[in-house]
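Architecture and fold: a report
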Amino acid sequence: MNELVPVAFGLASGLLLGVLTARRRTVVWIVTSVVLGATATFLTGEWRVSWAFLLIDIPIVAGTAVLAYVAARRLTIRWLTAHNRI
C-alpha cells in the first residue's frame, strides 16, 4: 500500500515530461525522480525503518514516469492519426 505514493508521483511526473523539450526532459526526469522518490519515502514513513527505502522509491518513481510518458505519447499519436490530424 505504501508504494501507491511513489507510483502516483511517477504518473504525475511522466505527464509533466510530455510538455517539455527533449533537452530538458532528461534533466527534469532525473531531478523529479530523486526529489519525489525521497518525498515519497518521507511521506510514507518508510525512512523510520531504513533509509534504504530511498533505493526502492526513487526507481519506482523514475520507472513509472517513463511508462506514463510513453503511454501518453503513444495514445496522443494514435488519437491524432485516427482523426487525420498528423
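The notes below deal with the structure included here. (Residues numbered from 1 in each chain as written. Predicted model: local features only at pLDDT ≥ 70, side-chain atom pairs only at ≥ 80, totals over all residues. Heavy atoms only, no water.)

Attention now moves to the side chain of S33. Secondary-structure assignment places S33 in helix α2 (residues 22-44). Residues within four places of S33 in sequence aside, it is in contact with I58, V61 and A62. (Helix = DSSP H or I, 4+ residues; strand = E, 2+ residues; numbered from the N terminus. Contact = heavy atoms within 4.5 Å.)

Right, let's talk about a nonpolar patch on the surface for a bit. Together, V27, V31 and V35 make up a nonpolar patch on the protein surface, roughly 250 Å² of accessible area in all. If you trace the backbone, V31 turns up in helix α2. (Patch = residues over 30% accessible without salt bridge, like charges linked within 9 Å, V, L, I, M, F, W, Y side chains within 5 Å. Areas by Shrake-Rupley, 256 points an atom, 1.4 Å probe, with all protein chains shown as cover. Salt bridge = Lys/Arg side-chain N within 4 Å of Asp/Glu carboxyl O.)

Across all of its chains, the model carries two aromatic pairs by this definition. With centroids separated by 5.8 Å and ring planes inclined at 20°, the aromatic side chains of F42 and W47 adopt a geometry described as stacked. The class for W47 is partly exposed, based on a relative accessible area of 26%. Judged by centre distance (5.8 Å) and plane angle (35°), the rings of W47 and W51 are tilted. Here a set of aromatic residues connected by ring pairs shows up, and it is made of F42, W47 and W51. (Phe/Tyr/Trp six-rings, centres within 6.5 Å; stacked < 30°, edge-to-face > 60°. Buried < 20%, exposed > 50% of the residue type's maximum accessible area, 1.4 Å probe, protein only.)

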